[in-house]
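In case you want the letters, here they are:
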Amino acid sequence: MRSVDTETGKLRFDLHPVESIKTAFEKTLIAAGICEHAHDQQGSELWLPVRGRLGETSPRPKLVGIGSPNTLRHTTSTEMHRRGVPEAQIESAAGHRGETTNKKHYNHLRPEYLTGFIDGVEAF
């Protein structure tokens, strides 16, 4: 949780124990604004009830984070490839054992990898 230190005026981050990494990660995505409105099986937007004790006067949208811890892992590995970090270091940091894991699963996701293809589609 983020708050402002009343003595220094600086941001302070309070750490709290979590029961679920998935739930904590989703709450972090929502707090960062990386989220969307949740929908039910019929496609209708879901709304949460008013919390009178908090002074709310209208329902609020139920939000879901866009991503997962694995998304972060993929993004980090892909970005490290783009920046030219040696393959062995990326493999080691990711906890992979084989030299081909990152090349097979992440390297092809670099933004510049499909530049030729994108240019071809644009030209078409």
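In this text, all values refer to a predicted model and were calculated from it rather than measured experimentally. Residue positions are given per chain, counting from 1 as you read along its sequence in written order. Confidence filtering applies because this is a predicted model: local features only for residues at pLDDT of at least 70, side-chain atom pairs given and counted only at 80 or more, and all residues used for totals across whole chains, interfaces and linings. Neither water nor hydrogens contribute to the side-chain values; these are computed over all heavy atoms in the structure.

(A) Seen up close, the overall build of the chain. The secondary structure content of the chain amounts to 5 helices and 6 strands. Going along the chain from the N terminus, every DSSP run of H or I of four or more residues is numbered as a helix, and every run of E of two or more is numbered as a strand. Each helix (α) and strand (β) of the chain, taken in turn from the N terminus, gives the series β-β-α-β-β-β-β-α-α-α-α. Burial classification: accessible surface area is computed with a 1.4 Å probe over protein chains only, and a residue below 20% of its type maximum counts as buried, one above 50% as exposed, and the rest as partly exposed. Sorting the 124 residues of the chain into buried and exposed places 12% on the buried side. Of the contacts formed within the chain by residues at least 6 apart in sequence, a portion of 43% connects residues at least 24 apart. With the model as given, the accessible surface of the chain reaches about 10200 Å², and the carbon-plus-sulfur share is 56%. We call two residues contacting when some pair of their heavy atoms lies within 4.5 Å. Methods summary: accessible areas were calculated by the Shrake-Rupley approach with a probe of 1.4 Å, and residue burial reflects only the protein chains presented.

(B) Region of the structure containing the packing of helix α2 (residues 69-82) against helix α3 (residues 87-94). Contact pair α2 / α3: the axes reach a minimum separation of 10 Å and the direction vectors enclose 165°. The angle between α2 and α3 places the two elements in the roughly antiparallel class. Note that α2 runs across α3; the crossing there is right-handed. Across from Arg 73, Ser 77, Met 80 and His 81 in α2, the residues of α3 making contact are Glu 87, Ile 90 and Ala 94. All axes are obtained by fitting lines to C-alpha atoms, using only the stretch in contact for helices, and the reported angles, taken between N-to-C directions, cover 0 to 180 degrees. Between 65 and 115 degrees an angle is taken as roughly perpendicular, under 35 as roughly parallel, over 145 as roughly antiparallel, and anywhere else as oblique. Note on convention: the crossing is left-handed when the near helix lies turned anticlockwise from the far helix by less than a right angle, right-handed when the turn is clockwise.

(C) Summary view of the pattern of salt bridges. Put simply, a salt bridge is a Lys or Arg side-chain nitrogen that is within 4 Å of an Asp or Glu carboxyl oxygen. For the coordinates displayed, the defined rule picks out 4 salt bridges. For Arg 83, the salt bridge goes to Glu 79, with nearest N and O atoms at 2.7 Å. On the accessibility criterion, Arg 83 (58% relative accessible area) is exposed. Glu 79 sits in the partly exposed class, given a relative accessible area of 22%. Each of the salt bridges in this network shares a partner with another, and the network as a whole consists of Arg 51, Glu 56 and Arg 60.

(D) Focus on the side chain of His 37. Looking at where His 37 falls in the secondary structure, it is placed in strand β3 (residues 35-37). Polar contacts involving the side chain of His 37 include one to the main-chain carbonyl oxygen of Leu 46, which spans 2.8 Å. The residues contacting His 37, other than those within four sequence positions of it, are Glu 45, Leu 46, Trp 47, Pro 61, Lys 62 and Leu 63. Under this definition, polar contacts are N or O atom pairs within 3.5 Å; protein pairs additionally need one hydrogen-donor-capable and one acceptor-capable atom, and for neighbouring residues in sequence, both atoms have to be side-chain atoms.

(E) Representation of the confidence of the model for the chain within the structure. Per residue, pLDDT captures the predictor's confidence, and it can take any value from 0 to 100. The predicted model of the chain has a mean per-residue pLDDT of 81, with 81% of residues at 70 or higher. At the low end of the mean pLDDT range in the chain sits helix α4 (residues 101-105), at 63; at the high end sits strand β4 (residues 47-48), at 95.

(F) Local environment of α3. For α3, every residue scored as buried is listed here: Glu 87, Ile 90, Glu 91 and Ala 94. Along the axis of α3, the buried positions cluster into a sector of 100°, meaning they face one direction only. Across α3 from its buried face, at more than 90 degrees, point the exposed residues Ala 88, Ser 92 and Ala 93. Phi turns positive, to about 80°, at Gly 95, one or two residues after α3. Taken from the helix axis, the directions to the C-beta atoms give the arc we talk about.

(G) Highlighting a nonpolar patch on the surface. A contiguous nonpolar patch, built from Val 4, Leu 11 and Phe 13 and spanning about 320 Å² of accessible area, is present on the exposed surface. Looking at the element boundaries, Val 4 is found in strand β1 (residues 2-4). Residues enter patches when their relative accessible area tops 30% and they take part in no salt bridge; the joining distance is 9 Å for like charges and 5 Å for the nonpolar side chains Val, Leu, Ile, Met, Phe, Trp and Tyr.

(H) Up close: the environment of Leu 48. Among the secondary structure elements, Leu 48 is positioned in strand β4. Exposure remark for Leu 48: the relative accessible area of 28% places this residue in the partly exposed category. Apart from the residues within four sequence positions on either side, Leu 48 is in contact with Pro 59, Arg 60, Pro 61 and Lys 62.

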